[in-house]
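# Structure at a glance
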Amino acid sequence: MAKKVFKAHMKIRCKKVLGKIILCSLLPVLSFSQLKRYQLTQPKMGSPFIITVYHHDSAFAISKMQQAFQLIDSMNALFSDYDSNALAYKLSDAKANEWIPVPAEMMQVLVRSKKAHQFSSGTFDITMGALSRYWRSQRKLQQFPPADSIRKVLRHTGWANVELDETNLRIRKKDDS
């Protein structure tokens, strides 16, 4: 239960942090004379994202909001475990001992996630992507996953099964055997 609450808290916290990053990137847009309100909403990461900007120039405000949505899309293309084209999803499916290059942003997240894993005594664990996807597939089938299947998937998770090469910006799963 604690893991579930912690993961839910981290997901909410990540969305809040992302919102703050976007807000900070839009601060130059804010001007305090003759401001008009502009708002765009788009579905992102399973939730509606609403960006509101106050500016005197509509074209400029809309351009900055669209840039913010592009930033969200680029982050989702790296970090989503729902999108089969996303790098995080592909890392989950990678073969053992195969080095996979990752962008610097992904390496930063991986290094911080590993530290969070250690700090939380294993409660925070981003290596559980395969288990999460397996659980979702069983839920869609309206089946409870058998314990032996869960154990099989769990054998391929955990930081003991992952190697980071921070210098060369790459990651690999250790031998599956």
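Criteria and thresholds
Position numbers for residues count from 1 along each chain, tracking the sequence in the order it is written. pLDDT decides what is reported in this predicted model: residues at 70 or higher carry local features, side-chain atom pairs at 80 or more are listed and counted, and totals for whole chains, interfaces and linings draw on all residues regardless. The side-chain values count all of the structure's non-hydrogen atoms but skip hydrogen atoms and water molecules. Geometry of aromatic contacts follows a simple scheme: Phe, Tyr and Trp rings, the Trp one being its six-membered ring, pair when their centres are within 6.5 Å, and the pair is stacked under 30 degrees between planes, edge-to-face over 60, tilted otherwise. We call a charge positioned above a ring when the Lys NZ or Arg CZ atom is no farther than 6 Å from the ring centre and deviates by at most 35 degrees from the ring normal. The term salt bridge refers to a side-chain nitrogen of Lys or Arg lying within 4 Å of a carboxyl oxygen of Asp or Glu. Secondary structure elements are defined from DSSP: runs of H or I of at least 4 residues count as helices, runs of E of at least 2 residues count as strands, and each element is numbered from the N terminus. Working rule for helices: expected span equals 1.5 Å times residues minus one. The classification of residues rests on relative accessible area computed with a 1.4 Å probe and restricted to protein chains. Under 20% of the type maximum is buried, over 50% is exposed, and intermediate values are partly exposed. Side-chain atoms alone can form a polar contact between residues adjacent in sequence; in general such a contact is a pair of N or O atoms within 3.5 Å, and within protein one must be able to donate a hydrogen while the other accepts it. For two strands to count as paired, DSSP must find a minimum of two bridges between them.

To continue, consider the packing of aromatic side chains. Under the defined criterion, the tally for this structure stands at one aromatic pair. Above the ring of Tyr 89, the side-chain terminus of Arg 133 is found at 3.6 Å from the ring centroid. The ring of Trp 99 carries the charged tip of Arg 170 above its face, separated from the ring centre by 4.0 Å.

On to the pattern of salt bridges, then. Under the criterion given, the structure shown has four salt bridges. Of the charged contacts, one joins Asp 73 and Lys 44 as a salt bridge, the two residues approaching to 2.7 Å between their closest N and O atoms. In this pair, Asp 73 is assigned in helix H2 (residues 58–79) and Lys 44 in strand E1 (residues 36–44), connecting sequence segments 29 residues apart. Here Arg 136 and Asp 81 are joined by a salt bridge, their closest N and O atoms 2.8 Å apart. Of the two residues, Arg 136 is situated in helix H5 (residues 129–140) and Asp 81 in the loop between H2 and helix H3 (87–93); the sequence distance between them amounts to 55 residues.

On to H2. Given a rise of 1.5 Å per residue, 22 residues ought to cover 32 Å, and the 31 Å separating the end C-alpha atoms of H2 matches this to within 8%. Of the residues making up H2, those classed as buried are Ala 61, Met 65, Ala 68, Phe 69, Ile 72 and Leu 78. Two or three places before Ala 59, at the start of H2, stands the capping residue Asp 57, its side-chain oxygen 3.1 Å from that residue's backbone nitrogen.

Our next topic: the pairing of strand E5 (residues 170–173). Burial along E5 is one-sided: Ile 171 and Lys 173 are buried, and none of Arg 170 and Arg 172, which face the opposite way, are. With two bridges joining them, strand E3 (residues 100–101) and E5 adopt antiparallel strand pairing. Bridge pairing links Ile 100 to Ile 171 in E5. Two elements, strand E4 (residues 162–165) and E5, share four bridges in a ladder whose sense is antiparallel. Bridging across to E5, Val 162 finds its partner in Lys 173. In this structure, the hairpin formed by E4 and E5 is closed by a connection of four residues, where Leu 169 is found at a positive phi of approximately 50°.

Coordinates in, geometry out; function isn't part of it.
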